[in-house]
Amino acid sequence: MRVAPTFNVALRALRRNKMRSVLTALGIIIGVGAVIAMVGIGNGAKAQVEAQIASLGENVILIFSGSTTSSGIRTGWGGAGTLKIEDAEAIRREVPGVIGVSEEVVSTTQVAAGNQNWFTRIFGESADYFDIRQWPLADGVPFTPQDVRSANKVCVIGRTTATQIYGNENPIGQILRIKNVPFTITGVLTPKGLSPQGVDQDDIVVMPYTSAMKRVIGGTTLRNINVQIGDPGQIPAAQQQIISLLRQRHNIRPGRDDDFTVRTQQEIAETATATSRVMTVLLGAIAGVSLLVGGIGIMNIMLVSVTERTREIGVRMAVGARGNDILTQFLIEAVTLSSVGGIIGIVCGIGASSVLSIYAHWPTLISVASIAIAFLFSAAVGVFFGFYPARKAAALDPIEALRYE
Amino acid sequence: MNNGALVRLIDVHKVYHTGEMEVPAVRGVSLEIKRGEFVALMGASGSGKSTLMNILGCLDRPSSGSYFLNDADVSGLDRDRLADIRNRKIGFVFQNFNLLPRTSARENAELPLVYSTQRLSHAQLREKADGVLASVGLTGRGDHYPSQLSGGQQQRVAIARALINEPEILLADEPTGNLDSRTSVEIMAIFQQLNERGITIIMVTHEQDIAAYARRNINMRDGLILDDHVVSKRTNAATQIQNLSVNPTLVEPI
C-alpha cells in the first residue's frame, strides 16, 4: 500500500476545498462537542450526587416512619408517626454493631434574633448526629448528650442561617428565638452545599430532638431514626435485625406490611446515581443523534465530491492508481474530516461545559475516557460514512470516468 | 517469441453488451508495433479506433484475442495488474489534457510517481518533475496552475506527466483536438522530438494533416484495419515552425 503519498493527496484535496471541508467538519464538531458537553454535564451531576450521598455519612441506615409500600393508605416517608423514641433506644440497646443513633424530627419555622428573622428548617437530633453525618462544626461546640437528656435550649446553626441572621457577626453565644423560645447558639456547622434534591443543606438549625419536640414542634413521634454501623460488613445483618425488632415492637403480624421503611445509604446512593446515569445516557444519546447527522453530512459531501471528481479519478486510474489507492484516498479524506472535526469538537465541548459550570454553576465532569471515546467514535463515523462513497469511487471504470463531463 | 515487437495484437475482438444487443467494436485486429515507431491510428468515429486505443492503453481488456506488451501477455490481467502496467509502461495524453485543477503543473507531472513502486524523496520528486517539464519547454512553470496556462502549455504539462515514469509507449488520444493549428504544430514538434529520442508513440487522430507527422498510419473502419502504410511525405514540425516565424501567414487560417 502506498499510504503516505495517498495521505498527502487526500489532504491536498481537502485543502483545495477549504470552505466545504470546514462546513463538513462543522457537523462533526457540533456533534462531538455536544456529546462531550452533555456527557460532561451528566457525569458532573452524577459525581455531585455521589458526593452528596457520601455526605449523608458513612455506613448509615435510615429508618423512616410509615411505609411506602403499605397496602392501605400510602403515606410518604416519615408521614405517619409510627416511630417512637423508645424504638430508637431499643435499636441502640439491642442491635449489634450500632455505634451511633440519632432520633430525628424536622420542621420549618420562622426564627428571629434582634431585628432579623429568617424562615428555616429545624432539625431535632441526638448528639450522635454530627458524627453520623460526618458534619463537623466550623466554629463553637456541638450540643451534648446532657443537653439532649435535659432538653436544653441550645442549638447549632448552618452557615446560610448564620449569614442571613447575623451577617458577619459571630453568632456563637447569641440568642436565637424560635417560636418565641430563646435558644443559645453553641456552634456553626461547616458548609455542606446543596443536597441531591437541590436543597441548601446549610439553611438549618440543629437542636436536641427533645428540645425540638417539647419546645418547638410538639408531638411524640419521630420522623426518622439515623443509625450508624461500625463495620460495613454488618450492615445487611443490622438492617434485618432492625426490621424484626421494629416489627416486634410495633406488634406487626407476619404477612402484614411494615409501618416503617428501612433504607441503607447504599440503596439511596444507587437510586440517586441510577437517575443521573439515565440522564447522562439520555443527554449523550441526543447529542449522539447530532453526531450521526454530522456523519451523514460527511457521506453526502463525499458522494458529491466523488461525482465532481470523476474525471480526476479517471486520470489517477489511467496513470496507475489501483482501486485500493482511490478507496484509501477518499477514506482518508472522510476520516480526516471527521477526526479533525472530532478534535475541534472535543475542545469546543470542553469549552462549552466549562462555560456552563462557570456561568450557570452546573457541575461538569469530563473524563479522559469520554474524550477518547468521542475521538474514536468520530474517526469511526468517518470510516463508516466515508466507506460507501470511497468504494463507489474505487469501482469506477477508468474509461467511463475519463469520458465523464 | 521475441521478434522485437513492443506491441503485438493477435486477432483482438471487443464486443460491448448494451442490454440485449451485442455491439462489436473491434472485430479481429492483428497488429505489430516495434519500439521507436510513431504510429497514427486513424478512422471515423465508430471505426473502433478509440476502443483499440483503450485496449492498447490497458484501460480495457479484449473480449478475445491476445495482447502482448513487451512479450508479456496482458490480455488476461486483472484491474490491479493493468493499473501497474499503465503506471510503469504507458503514458497517456488526452484531447482535453485532463490535468487536476487547482494543482500545480509540477504536482500534475508528479502524479504517476504517487502510484509508482519506487520511493522517491520530496526533493527527488521535484527534480524529476522539473526535468520533464523542462524537456517539454516549460522551464520555470512548475508552480503555475492549469488555469494560468494556455491550452498548449497545459498539453505540455500532460505530456510531461506521461513521460515522468519513462514509459514504453506514449499513447495520445486526439492530442491536438482542442488546440489551434499553431499550437498543434508545436505539440507535434515535441512528439517528433521525443520519437527521435526513441520513445514509441501511438496517436489517435482523425485529421489527415496531423497524421502526417507520424511515421506510420493505420486506418480503421468498422472495427477492422483498412489500411496500414508508412508515411512517405512526412511533415517536419520543427521546419514548419521555422517557416512560420519567417512567414506567419503560412499556417495561420484554420
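It should be emphasised that the depicted structure is a prediction, and the values quoted were computed from it without experimental measurement. Per chain, residue numbering runs from 1 following the sequence as it is written. Lettering of chains starts at A and numbering of ligands starts at 1, both following the order in which they are written. Restriction of local features to residues with pLDDT of at least 70 applies here, the model being predicted, together with a cutoff of 80 or more for giving and counting side-chain atom pairs; totals for whole chains, interfaces and linings are based on all residues.

Visitor: Help me understand the pairing of strand 6 (residues 154-157) of chain A, please; the structure alone is not making it clear to me.
Guide: Within a regular strand, side chains alternate between the sheet's two faces. All names here are of chain A. Side chains V154 and V156 of strand 6 all project onto a buried face; the interleaved residues C155 and I157 project onto the opposite face, where all are buried too. Pairing between strands is defined by DSSP: at least two bridges between them are needed. Put simply, DSSP marks the helices as runs of H or I at least four residues long and the strands as runs of E at least two long, and each gets a number from the N terminus on. As judged from the 4 bridges shared by strand 6 and strand 8 (residues 181-189), these two strands associate in the parallel manner. In the strand pairing of strand 8, C155 is matched with I185. Pairing analysis gives 2 bridges linking strand 6 to strand 9 (residues 204-208), with the strands arranged antiparallel. From the neighbouring strand, I157 faces strand 9, where its bridge partner is V205. Comment: burial labels come from other C-beta atoms within 10 Å of the residue's own C-beta, placed from the backbone, where a count of 20 or more is buried, 12 or fewer is exposed, and between is partly exposed.

Visitor: Even after reading the chapter, I still don't get the interface of chain A and chain B, so can you show me in this structure?
Guide: Accessible area lost on assembly of the parts is the figure often given for the size of an interface. Two residues form a contact once the distance between their C-beta atoms, set from the backbone, is within 7 Å. Listed per partner, the contact involves 18 residues of chain A and 20 residues of chain B. Those elements that provide at least two residues to the side of chain A that touches chain B are helix 1 (3-16), helix 10 (310-318), helix 11 (323-359) and helix 13 (398-403) of chain A. The element contributing the most residues to the side of chain A that touches chain B is helix 10 of chain A, with 5 residues.

Visitor: Teacher, can you tell me more about the sheet that holds strand 1 (residues 5-18) of chain B here?
Guide: If you walk across this open sheet you meet the 4 strands as 2-1-4-5 (chain B), and the pairing is antiparallel. The open sheet terminates on both sides in strands that have one partner only, identified here as strand 2 (21-34) and strand 5 (72-73) of chain B.

Visitor: In this structure, what is going on with the environment of A:T364? I would like to understand it.
Guide: Residue and element names in this part refer to chain A. Along the chain, the position of T364 falls in the loop between helix 11 and helix 12 (368-394). Sequence-wise, T364 and D128 are 236 residues apart; in three dimensions their C-alpha atoms are separated by 34 Å. Once residues within four sequence positions are removed from consideration, T364 is found in contact with G40, I41, G44, S353, L356 and S357.

Visitor: Is there a simple way to explain the environment of A:T273 in this structure?
Guide: Residue and element names in this part refer to chain A. As for its position among the elements, T273 is in helix 9 (residues 265-308). C-alpha separation for the pair T273 and A394, spaced 121 residues apart in sequence, amounts to 50 Å. With near-sequence residues (within four places) excluded, T273 lies in contact with K46, V49 and E50.

Visitor: Could you clarify how one ought to interpret the packing of helix 1 of chain A against helix 11 of chain A in this entry?
Guide: Between two packed helices, the angle of one axis relative to the other and the distance separating the axes together describe the packing. All names here are of chain A. Two elements in contact, helix 1 and helix 11, have axes whose closest approach is 8 Å; the angle formed by their N-to-C orientations is 55 degrees. As judged from the angle between their axes, helix 1 and helix 11 are oblique. Handedness of the crossing formed by helix 1 with helix 11: right-handed. On helix 11, the residues touching V3, T6, F7, V9, A10, L11, A13 and L14 of helix 1 are D325, T328, Q329, I332, E333, T336 and L337. To get an axis, fit a line to the C-alpha atoms, keeping to the stretch in contact for a helix; angles then go from 0 to 180 degrees between the N-to-C directions. In what follows, roughly perpendicular refers to angles from 65 to 115 degrees, roughly parallel to angles under 35, roughly antiparallel to angles over 145, and oblique to any angle outside these ranges. Definitions for this section: a left-handed crossing has its near helix turned counterclockwise from the far helix by less than a right angle. A right-handed crossing has that turn clockwise.

Visitor: How should I be thinking about the sheet that holds strand 6 (residues 90-93) of chain B in this particular structure?
Guide: Two pairing modes exist for strands in a sheet, parallel and antiparallel, and in both the strands are linked by backbone hydrogen bonds. All names here are of chain B. Taken together, 6 strands build an open sheet; the order of strands is 6-7-8-3-9-10 and the sheet is mixed. The sheet terminates laterally at strand 6 and strand 10 (224-230), the two strands that pair on one side only. Ignoring strand direction, the axes of neighbouring strands in this sheet form an average angle of 20 degrees. Of the strand pairs in this sheet, strand 6 and strand 7 (residues 169-173) are connected by 4 bridges, and their pairing is parallel. When the bridges of strand 7 are listed, G91 appears paired with L170.

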